[in-house]
Every structure is written in structure tokens, then in C-alpha cells.
Amino acid sequence: MPSKMSFEYLTSIVMDGAYSDMRKYRYLVKTMLKFVETDEVKSFYPKKLFSENQSLECFVFTDNKLLIFKEYDKQISINVLNLNRITAASLELEKDDFPDETVKISFSSGEEIVFDPKADSNSRWYESFKENVTEIFKLICKAP
């Protein structure tokens, strides 16, 4: 099992049926694969992947766009935000030997997105989600 929760890893375990509890995300993953080329993905973050009573949200970052795939009871929504429309981004680090890292992004549309590994992952994937948060913030810092 890889140590990183990546776009490739999630799509492969869902499509291969490796874990029976992940099969429920098959339609969402098929939709993502229809609109995203794996080699275009610069960063990836799945929110609510381990939440029993909440719908999965996948955030796919490319060089200049953020694609947001959200699953609802009977539908999938896809939103596309341009990274050049970011009006503010912040990375909050706890002063600790094992700090939490949280990224907040605000867009000119008024939309705000928060990536919080403690809330979005479980103990097995926590460190990987923290790495994804750092990667996302670095990507935003480099965006035009």
C-alpha cells in the first residue's frame, strides 16, 4: 500500500475493486477519469473519503485549474475554478513537534475551500493528507 493518497492510487483501488467499501465511489471515479488526464494532475485531495455519513468530494489541481467533483445521493457535480482567481490563500501550522497543517483558499467568486487533514482523513492516512496540503499550498504559491 503506498504512503501517498494520490489521484492514481484512489482511482486504481476504486476501479480495481480492491476494497469493497470503496466500490461505492466507482461512478465518481469514472466521471473524474472522463474529465482528467492522470498526467495533468499536479495535486489531489479527497475530502470525506473516510466519513460514513458524508458524500465524497475530490479536488483535482492542474497547472492552472481546480476541478471539484462532489457526489450527492443521485448525482455528481463538477465545478472548475481557475487558480488565477484565488484572492487569498493561507497555510496554518501548529507550533508542535507533529503540527497540524490547514490550507484555506478564497476565490474571487466568494467560494472558500479548507483542507484540514485532521478532519478529512483517518489515523492511517493523516500524514499523507498533510503532505497533500503542503503540496497544494506550494502549487498555489507558484500559480500565475
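Structural data are supplied above this passage.
First, a word on scope: everything that follows refers to the structure included in this document. Worth saying up front: this structure is predicted, and the values here are computed from it rather than measured.

1. Here we look at the nonpolar core
1) Next: By size, the foremost hydrophobic cluster in this structure holds 41 residues, and its most contacted members are Val60, Phe61, Leu66, Ile105 and Phe115.
2) Next: Mapped onto this core, the elements with two or more residues apiece are α1 (7–16), α2 (26–35), β1 (43–47), β2 (57–61), β3 (65–71), β6 (101–107), β7 (112–115) and α4 (126–142).
3) Next: Of all the elements, α4 adds the most residues to this core, at six residues.
4) Next: In contact with Phe115, not counting residues within four places along its chain, are Tyr45, Lys47, Phe59, Phe61, Glu101, Thr102, Val103, Ile105, Asp120, Val133 and Ile136.

2. So, a nonpolar patch on the surface
1) Next: Together, Phe35, Ile78 and Val80 give the surface a local cluster of nonpolar side chains, amounting to about 260 Å² of exposed area.
2) Next: Looking at the element boundaries, Phe35 is found in helix α2.

3. A look at the pairing of strand β4 (residues 76–82)
1) Next: Here β3 pairs with β4 via seven bridges, running antiparallel. Across the sheet, Lys70 pairs through a bridge with Ser77, a residue of β4.
2) Next: The loop that links β3 with its antiparallel partner β4 comprises four residues.

4. What to know about the side chain of Asp100
1) Next: Considering the arrangement of structural elements, one finds Asp100 in the loop between β5 (86–93) and β6.
2) Next: Reaching out from Asp100, the side chain makes a polar contact with the side chain of Lys118 at a distance of 2.7 Å.
3) Next: Setting aside residues up to four positions removed in sequence, Asp100 forms contacts with Glu92, Leu93, Glu94, Lys118 and Tyr126.

What counts and what doesn't
Residue numbers here run from 1 along each chain, matching the order of that chain's written sequence. Given that the model is predicted, a residue must reach a pLDDT of at least 70 before its local features are reported, and side-chain atom pairs must reach 80 or more before they are shown or counted; all residues, however, enter totals for whole chains, interfaces and linings. To get the side-chain values, all heavy atoms of the structure are used, and hydrogens and water are removed first. Definition used in this section: a nonpolar core is a set of buried Ala, Val, Leu, Ile, Met, Phe, Trp, Tyr and Cys residues joined via side-chain atoms within 4.5 Å. With a 1.4 Å probe rolled over the protein chains alone, any residue whose accessible area is under 20% of its type maximum counts as buried; one over 50% counts as exposed, and the rest are partly exposed. For the purposes of this entry, the term helix denotes a DSSP run of H or I that reaches at least four residues, the term strand denotes a run of E that reaches at least two, and both are numbered from the N terminus. The contact definition used throughout considers only heavy atoms, calling two residues in contact when any of these lie within 4.5 Å. Each patch is assembled from residues with relative accessible area greater than 30% and no salt bridge, linking like charges that lie within 9 Å and nonpolar side chains (Val, Leu, Ile, Met, Phe, Trp, Tyr) that lie within 5 Å. The protein chains shown are the only cover counted for residues, whose accessible areas, like all others here, come from Shrake-Rupley with a 1.4 Å probe. Salt bridge, as applied in this entry: a Lys or Arg side-chain nitrogen positioned within 4 Å of an Asp or Glu carboxyl oxygen. Pairing between two strands is assigned when DSSP locates at least 2 bridges connecting them. Definition of a polar contact: a pair of N or O atoms within 3.5 Å, with one able to donate and the other able to accept a hydrogen when the atoms are protein atoms, and with sequence-neighbouring residues admitted only if both atoms are side-chain atoms.

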